[in-house]
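Architecture and fold: a report
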Amino acid sequence: GAVVSQHPSWVICKSGTSVKIECRSLDFQATTMFWYRQFPKQSLMLMATSNEGSKATYEQGVEKDKFLINHASLTLSTLTVTSAHPEDSSFYICSSKGENTNEQFFGPGTRLTVL
Amino acid sequence: GNSVTQMEGPVTLSEEAFLTINCTYTATGYPSLFWYVQYPGEGLQLLLKATKADDKGSNKGFEATYRKETTSFHLEKGSVQVSDSAVYFCALSVGANSKLTFGKGITLSVRP
């Protein structure tokens, strides 16, 4: 299957700072990328869907001004957690989908800890 | 709305044991059903899928049958191996937007 990477794999930051997480599709063009959040022992919750060159579509209850998503190219999407607080600590996972398939390919995730 | 319910875990089995992981769903519309696996330190990978009632998805010795009458998609394997130790997620999607709704996941540990 296709390869999707995330960077960093883990990050610790102070409360009030912003953190950027990158998601890259390494060997195919990702027309759509998805961002998920996973709490311990919980399922993955879809946060937003982004299409290359368009604004992201956020799920109900997700603050778009807090979780900034940029999908400027067919191989890169970024999630920026702005003014992070301890309750934002979580595991963030991205996935990518090509134009001619419904299958999503997942990154390994990024563990964010906000102190 | 859409939801996926998986049996509570974790599950610990001996090598060569039979595995069943239950998954039931509710969906508005006609869903496609998936099982994803996450090996330690890696991203989720699609294990198998089924897109219509009575379809059987299979891969790496794992099987799951789309049962519309019981809204279930239970995962089975006749003889597990240590290398099958991972977290398994049941999921569904409805329509063309490919949005996935996941179950909580279940951790499987297989001991030699």
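A short tour of the structure in this document, coming up.

Rules of the game
Residues numbered from 1 in each chain as written. Chains lettered and ligands numbered in written order. Predicted model: local features only at pLDDT ≥ 70, side-chain atom pairs only at ≥ 80, totals over all residues. Heavy atoms only, no water. Disulfide = S-S within 2.5 Å. Helix = DSSP H or I, 4+ residues; strand = E, 2+ residues; numbered from the N terminus. Buried < 20%, exposed > 50% of the residue type's maximum accessible area, 1.4 Å probe, protein only. Contact = heavy atoms within 4.5 Å. Buried area = accessible area lost by both parts, 1.4 Å probe. Salt bridge = Lys/Arg side-chain N within 4 Å of Asp/Glu carboxyl O. 1 Å grid on protein atoms, 1.4 Å probe; cavity = no way out; pocket = protein on both sides within 12 Å on 5 of 7 lines; lining within 4 Å. Points joined across faces, edges and corners; volume = space filled by probe spheres on them. Nonpolar A, V, L, I, M, F, W, Y, C, P; charged D, E, K, R; others polar. Pairing = 2+ DSSP bridges.

A covalent bond between the sulfur atoms of two cysteines is what we call a disulfide. Summed over all chains, the structure comprises 2 disulfides over all chains. Sulfur-sulfur distance for the disulfide between Cys23 of chain A and Cys94 of chain A comes to 2.0 Å. Judged by the sign of its S-S torsion, about 80°, the cystine formed by Cys23 of chain A and Cys94 of chain A is right-handed. A residue pair is termed long-range when its members are at least 10 positions apart, and Cys23 of chain A in strand 3 (residues 19–25) and Cys94 of chain A in strand 9 (residues 90–97) qualify at 71 residues. Since its relative accessible area comes to 0%, Cys23 of chain A is described here as buried. Take Cys94 of chain A: its relative accessible area is 0%, and that puts it in the buried class. Each sulfur of the disulfide joining Cys23 of chain B and Cys90 of chain B lies 1.9 Å from the other.

This brings us to unusual backbone geometry. Trans peptide bonds make up most of the peptide bonds, and negative phi angles are found at most residues other than glycine. The residue after His7 of chain A, namely Pro8 of chain A, is reached through a cis peptide bond having omega 0°. Inspection of the secondary structure puts Pro8 of chain A in the loop between strand 1 (4–7) and strand 2 (10–13). Cis geometry is found at the peptide bond from Gly9 of chain B to Pro10 of chain B, where omega equals -5°. If you trace the backbone, Pro10 of chain B turns up in the loop between strand 1 (3–6) and strand 2 (11–14).

Turning our eyes to something else, we now look at the interface of chain A and chain B. At the junction of the two partners, chain A supplies 19 residues and chain B supplies 16 residues. Taking both sides of the interface into account, the surface hidden between chain A and chain B amounts to around 1300 Å²; carbon and sulfur atoms contribute 56%. Considering only the side of chain A, the residues that lose the most area to chain B are Ser43, Leu44 and Phe106 of chain A, jointly responsible for 32% of the buried surface there. On inspection of chain A and its partner chain B, the count reaches 1 salt bridge. Across the salt bridge formed by Lys99 of chain B and Glu59 of chain A, the nearest N and O atoms sit 2.8 Å from each other.

This part covers the environment of Lys66 of chain A. Residues and elements named next belong to chain A. Structurally, Lys66 can be placed in the loop between strand 6 (57–58) and strand 7 (67–73). Residue classification places Lys66 among the buried positions, given a relative accessible area of 11%. Along the backbone, Lys66 and Leu79 are 13 residues apart, and their C-alpha atoms lie at a distance of 9.8 Å.

Right, let's get into the pattern of salt bridges. Residue and element names in this part refer to chain A. The tally for this structure, following the rule as stated, stands at 6 salt bridges over all chains. Measuring nitrogen to oxygen at the nearest pair gives 3.4 Å for the salt bridge that ties Glu22 to Arg24. Overall, the relative accessible area of 24% leaves Glu22 in the partly exposed class. Residue Arg24 is classed as partly exposed on the basis of its relative accessible area, which comes to 33%.

What follows covers the layout of surface pockets. Counted as a void, the largest pocket has a volume near 480 Å³. For the lining of the largest pocket, the elements supplying multiple residues, two or more each, are strand 1, strand 10 (86–94) and strand 12 (106–111) of chain B. A per-element tally of the lining of the largest pocket places strand 1 of chain B first, with 3 residues. Residue classes in the lining of the largest pocket are distributed as 9 nonpolar, 9 polar and 4 charged. Computed from the structure, the second largest pocket encloses a volume of approximately 360 Å³. Looking at the second largest pocket, it is lined by 15 residues, and the ones nearest its centre are Met45, Leu46 and Glu59 of chain A together with Leu100 and Thr101 of chain B. Elements represented by at least two residues in the lining of the second largest pocket include exactly strand 5 (44–51) of chain A together with strand 1 and strand 11 (101–102) of chain B.

All right, on to the environment of Ser32 of chain B then. All names here are of chain B. Residue placement: Ser32 occurs in strand 5 (residues 31–38). Each C-alpha atom, one on Ser32 and one on Ala50, is 6.0 Å from the other, the two residues being 18 residues apart in sequence. Not counting chain neighbours up to four residues away, the residues in contact with Ser32 comprise Ala50, Thr51, Ala91, Leu92 and Ser93.

Another point: the pairing of strand 9 of chain A. Residue and element names in this part refer to chain A. For strand 9, the buried fraction is high: 8 of the 8 residues fall into the buried class. Burial along strand 9 is two-sided: the residues Ser90, Tyr92, Cys94 and Ser96 and Phe91, Ile93, Ser95 and Lys97 are all buried. Here strand 4 (residues 32–38) pairs with strand 9 via 7 bridges, running antiparallel. Bridge pairing in strand 9 links Trp35 to Cys94. Direction of pairing for strand 9 relative to strand 11 (residues 110–114): antiparallel, over a ladder of 3 bridges. Counted as the bridge partner of Ser90 is Leu112 from strand 11.

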